[in-house]
Amino acid sequence: MADGISQRAGRDDGRNRDLISALHDDLLLRILGLLPAASDAARTSILSRRWRSLWPNAPVLRFAIGETPKSTTSPTVGGSGGHSDRNDACWLISAATTAIARRTAAVGGPDVEDLQLHAADVTPEHVTTWLAFAARRVTGRPTLAVPPPELFADDGSFVDECDRQCLFAVLPSSVTAQQMSLTLGTAILAIPTTVAAGAFAALTDLLLSHAHLVGDGDGAGGHERRLSRLVSSSCCPRLWRLRLEYITGVAALRFGAASTLRELELYRVLDLRALDVDAPGLSVLRVEACHILAAARVSAPWLEVVTWKQLCWAGAPRLELDGAASVRCIEDLLMFSHWPTAWLDPQRHSYLTAPWFLIRHCTSVNQLSMTFIGISATAQVFLKIMMKDIPYHS
C-alpha cells in the first residue's frame, strides 16, 4: 500500500510541476507574441515574478487605447462604463509608453517585429515618441491608428475646431520596416527634408491616411517633392503597394516607382491636381474621390485593373494612360452626362472625358462596372454607340 501511495504522489508531482516556466525566455517571448493584445500578455505577470519582466520584451506589442464609448452612463459594479473605460485607456497609454521606453533604453536588446497602436485621446508627445521608436526598433510592421477628432462632445454639443487637439508628426524612415500603416487623425505630417536613397529599403506596403502635409521652409511644393521622392524607386526599391487616403496639402504627385509596385490607391487626396507616375510593374490602379484632379498621366504597360470613381469639380481631367490596351477590368466607373447649368459653367460640362477615354482605349476589357448619374436622352444614344465596342459575356 505504501508503494501505491508513493507512485500516485509521484504522478501528482509530475502533473503539478510548472513546466512552462522551465522554458527558455526566447520561447516564452515567442508565445507571448502570439497573444492578441499586450494587455493579455501583461496579465501573465501574475504567474510569477519572472513573467513580470517578460511581456514588455515580446516580439509583438499590440495596444488598443482609448476607444471610449459615447455613453455617459455611470459605471456599475461588475459592468462597464465611461469612467472605467477611460481609466483602462489611461492605463494602456501608460503601459505602452513604459514598454516602449524600456525597449528604447535596452541597448542591444531585441527589436520589435510587430508594433500596433490603436490610440485615441493621445498627445502629440505620445505620437512623436511612438513614431521615433518605430523608426529605430521596429523591424517588421509598425502600425499607428489615431482616429479623427470627434466633432461632437459627449453632451451632443459641437466641438469648435480651435478646441480640438492638433497632432504633429514627422514621417519616420526605417530601413528595416516591411509594412507601415499610419492613420494619423488629421495630424500635420512633415516629410523629412533629406530622404536618403534606400531610406525604406525593406518596405513593401505603405499606408498614409488622415494627414495634412506641410512644408518646412524649403520653398513652395517642397513637401510634395519630398513625398514623391519618398515613394520613388530610389527610396522604396521593394514597394509593392502604396495607399494614400484622406490626405490634404498635396497638389502634385510625380514619381517613378520601383518595378515591384503592383497596387496604387488614391482615395480622397483632396488637394491633388496633378498625377504623373511611371510604374513599370503596376497592375492595379484605383483613383477615387480626388475631386479636383485636373491632369493624370500613368505609364503602366502591365496594368490590368482600373478603378476610376471620380466627381471632378474642376472640369474634365486630362487623362493619359500608357498601358490601357492591357487593362482587363474597369471597376466603379462613374459616368455623368450633364450638370444643372445653375451649378457650373455649361462650357465645362464635359465630365465624360476620362470615362470615355478608358472605354475607348481599354480595348481588352472583359469586365466593366459602371454607375450612371444624370443620363440624358443624348447620352443614352451615345452610350449605345460606345457599348457595342465592349466585349460582352452572358
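Scroll up for the structure.
Residues numbered from 1 in each chain as written. Predicted model: local features only at pLDDT ≥ 70, side-chain atom pairs only at ≥ 80, totals over all residues. Heavy atoms only, no water.

Draft legend 1. Broad picture of the pattern of salt bridges. All told, the structure shown has 9 salt bridges when counted by the stated rule. For R30, the salt bridge goes to E113, with nearest N and O atoms at 3.1 Å. With R30 in helix α2 (residues 25-32) and E113 in strand β2 (residues 112-119), the pair connects residues that are 83 residues apart, well separated along the chain. The class of R30 is partly exposed, set by a relative accessible area of 43%. The partly exposed category is assigned to E113, whose relative accessible area is 34%. Within the structure, one salt-bridge network assembled from shared partners comprises D205, R241 and R243. (Salt bridge = Lys/Arg side-chain N within 4 Å of Asp/Glu carboxyl O. Helix = DSSP H or I, 4+ residues; strand = E, 2+ residues; numbered from the N terminus. Buried < 20%, exposed > 50% of the residue type's maximum accessible area, 1.4 Å probe, protein only.)

Draft legend 2. Summary view of the environment of S228. The residue S228 is located in helix α7 (residues 222-230) in this model. C-alpha separation for the pair S228 and A252, spaced 24 residues apart in sequence, amounts to 8.6 Å. Look past the residues within four positions of S228 in its chain and what remains in contact with it is A252, L253, R254 and F255. Only 3.1 Å separates the side chain of S228 from the backbone nitrogen of R254, close enough to count as a polar contact. (Contact = heavy atoms within 4.5 Å. Polar contact = N/O pair within 3.5 Å; in protein donor to acceptor, adjacent residues only side chain to side chain.)

Draft legend 3. Up close: the pairing of β2. With 6 of 8 residues buried, β2 lies mostly within the body of the structure. Direction of pairing for strand β1 (residues 60-65) relative to β2: parallel, over a ladder of 6 bridges. From the neighbouring strand, F63 faces β2, where its bridge partner is L117. Pairing analysis gives 6 bridges linking β2 to strand β3 (residues 138-146), with the strands arranged parallel. Bridge assignment links L117 to a residue of β3, and that residue is L144. Traced from β2 through helix α6 (residues 124-137) to β3, the parallel crossover comes out right-handed. (Pairing = 2+ DSSP bridges. Right-handed = clockwise from strand over helix to strand, strands pointing away.)

Draft legend 4. Quick peek at the nonpolar core. F63, W308 and L358 are the most contacted members of the largest nonpolar core, which has 97 residues in total. Residue contributions to this core peak at 6 residues, all from helix α5 (residues 82-105). (Core = buried A, V, L, I, M, F, W, Y, C linked by side-chain atoms within 4.5 Å.)

Draft legend 5. The arrangement of the sheet that holds strand β12 (residues 295-299) in detail. Pairing in this open sheet of 4 strands is parallel, and the strands run β8-β10-β12-β14 from one edge to the other. In the strand order of this sheet, the two ends are held by β8 (252-256) and β14 (318-322), each with one partner. Taking each pair of neighbouring strands and ignoring which way they run, the sheet shows an average axis angle of 5°. Across 5 bridges, the pairing between β8 and strand β10 (residues 274-278) is parallel. When the sheet's bridge partners are listed, R254 is paired in β10 with D276. (Axes fitted to C-alpha atoms, helices over the stretch in contact; angles between N-to-C directions.)

Draft legend 6. Layout of the packing of aromatic side chains. A complete count under the given rule lists 1 aromatic pair for this structure. Where Y246 meets Y267, the ring centres are 5.4 Å apart and the plane angle is 80°; that geometry is what we call edge-to-face. Here Y246, found in strand β7 (residues 241-248), pairs with Y267, found in strand β9 (residues 263-269); they are 21 residues apart in sequence, far enough to count as distant. Given a relative accessible area of 33%, Y246 falls into the partly exposed group. For Y267, a relative accessible area of 25% corresponds to the partly exposed category. (Phe/Tyr/Trp six-rings, centres within 6.5 Å; stacked < 30°, edge-to-face > 60°.)

Draft legend 7. Region of the structure containing the pairing of β3. Counting buried positions over the 9 residues of β3 gives 7, a clear majority of the element. Sheet analysis places β3 next to strand β5 (residues 179-190), joined by 4 bridges and oriented parallel. Residue pairing for β5: L144 is matched across the bridge by L182.

Geometric values such as these leave the question of function open.
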